[in-house]
Amino acid sequence: MPIRPDHRWLYPIDWRELSALVRFSRARGCCERCGRPHGQVVAHLGDGRWWDAARGCWRDARGRRTRVAPNRQLRLAVHAGEPTATTTQVVLATAHLDHDPGNNHPRNLAALCQRCHLAHDRAEHRRRRWTTLFRRRALGDLFLGAYR
């Protein structure tokens, strides 16, 4: 995830090295929530289930083995009433578990794929979006009159 310019000063100067240490040394290049491997293209059903090619099985959003009906496995074409597998390249990012970029303790950092990172930050993104819209409305009222 890109770092917002107004939050950049909260991160330490060696953030790249710290992030790489968490993602590749501690997590060994896999998401710490679901186990998706960094840089690999994985097939997924859109509901969190994904194909683990290394183990030859389907996994759920928590990385546990799951069952998918044999007639639904890895269909890349659209079929009526069946989940369709699509592919995504996995990119790991280092996430702050308490959403505080100043807290860089190893227990507060986790290597998460883009799906798990967005799910973890969902409430924080909602709060920031509300704050941004509220700030824009206030500035509009201050300089332009009633906001429309």
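Above this text you will find the structure in question.
Residues numbered from 1 in each chain as written. Predicted model: local features only at pLDDT ≥ 70, side-chain atom pairs only at ≥ 80, totals over all residues. Heavy atoms only, no water.

1. Some details on the side chain of His96
- Position of His96 relative to the elements: it lies in strand S6 (residues 92-96).
- Looking at His96, its side chain comes within polar contact range of the side chain of Asn104, at 2.8 Å.
- Dropping the residues within four chain positions of it, His96 is found in contact with Tyr11, Trp15, Pro101, Asn103, Asn104, Asn108, Leu109 and His120. (Helix = DSSP H or I, 4+ residues; strand = E, 2+ residues; numbered from the N terminus. Polar contact = N/O pair within 3.5 Å; in protein donor to acceptor, adjacent residues only side chain to side chain. Contact = heavy atoms within 4.5 Å.)

2. Some remarks on a positive patch on the surface
- The grouping of Arg115, Arg122, Arg126 and Arg129 at the surface amounts to a positive patch.
- Element by element, the count of residues in the positive patch is highest for helix H3 (residues 122-144), at 3 residues.
- For Arg126, the position within the fold is in helix H3. (Patch = residues over 30% accessible without salt bridge, like charges linked within 9 Å, V, L, I, M, F, W, Y side chains within 5 Å. Areas by Shrake-Rupley, 256 points an atom, 1.4 Å probe, with all protein chains shown as cover. Salt bridge = Lys/Arg side-chain N within 4 Å of Asp/Glu carboxyl O. Lys, Arg positive; Asp, Glu negative; His and termini not counted. Charge placed at Lys NZ, Arg CZ, Asp CG, Glu CD.)

3. Re the packing of aromatic side chains
- Using the criterion set out here, one finds 3 aromatic pairs in the structure.
- Between Tyr11 and Trp15, the aromatic rings sit 5.1 Å apart at their centres with planes inclined by 65°, giving edge-to-face as the arrangement. Neither residue differs from the other here; Tyr11 and Trp15 are each classed as buried.
- When the centroid spacing of 5.5 Å and the interplanar angle of 65° are considered together, the rings of Trp51 and Trp58 count as edge-to-face. (Phe/Tyr/Trp six-rings, centres within 6.5 Å; stacked < 30°, edge-to-face > 60°. Buried < 20%, exposed > 50% of the residue type's maximum accessible area, 1.4 Å probe, protein only.)

4. Description of the nonpolar core
- One finds Cys31, Cys34, Val42, Trp50, Val90, Leu92, Ala95, Ala110, Leu112, Cys113 and Cys116 forming the largest nonpolar core, which totals 11 residues.
- Only S6 and strand S7 (109-113) provide two or more residues apiece to this core.
- By residue number, the principal contributor to this core is S7, which donates 3 residues.
- Apart from residues lying up to four places away in sequence, Cys34 is in contact with Trp50, Ala61, Arg62, Gly63, Cys113 and Cys116.
- Of all hydrophobic cores here, the second largest spans 7 residues; its members include Trp15, Leu18, Ala27 and Ala111. (Core = buried A, V, L, I, M, F, W, Y, C linked by side-chain atoms within 4.5 Å.)

5. Digging into helix H1 (residues 15-26)
- Helix length check: H1 (12 residues) gives 15 Å between terminal C-alpha atoms against 16 Å at 1.5 Å per residue, within 8%.
- Those residues of H1 not exposed but buried are Trp15, Leu18, Ser19, Val22 and Arg23. Taken down its axis, H1 places every buried residue within 125° of arc, on the same side. Of the exposed residues in H1, those oriented more than 90 degrees away from the buried face are Arg16 and Glu17.
- Buried residues belonging to H1 abut S6 and S7. (Expected span 1.5 Å × (residues − 1). Arc of directions from axis to C-beta.)

6. Observations concerning the pattern of salt bridges
- Scanning the model with the defined rule gives 6 salt bridges in all.
- A salt bridge links Arg49 to Asp47, with the shortest nitrogen-to-oxygen separation between them at 2.9 Å.
- Arg127 is the salt-bridge partner of Glu124, the closest N and O atoms lying 2.7 Å from each other. In this pair, Glu124 and Arg127 are both assigned in helix H3, 3 residues apart and thus about one turn of the helix distant.
- When its relative accessible area of 13% is taken as the criterion, Glu124 is described as buried.
- By relative accessible area, Arg127 is classed as partly exposed at 47%.

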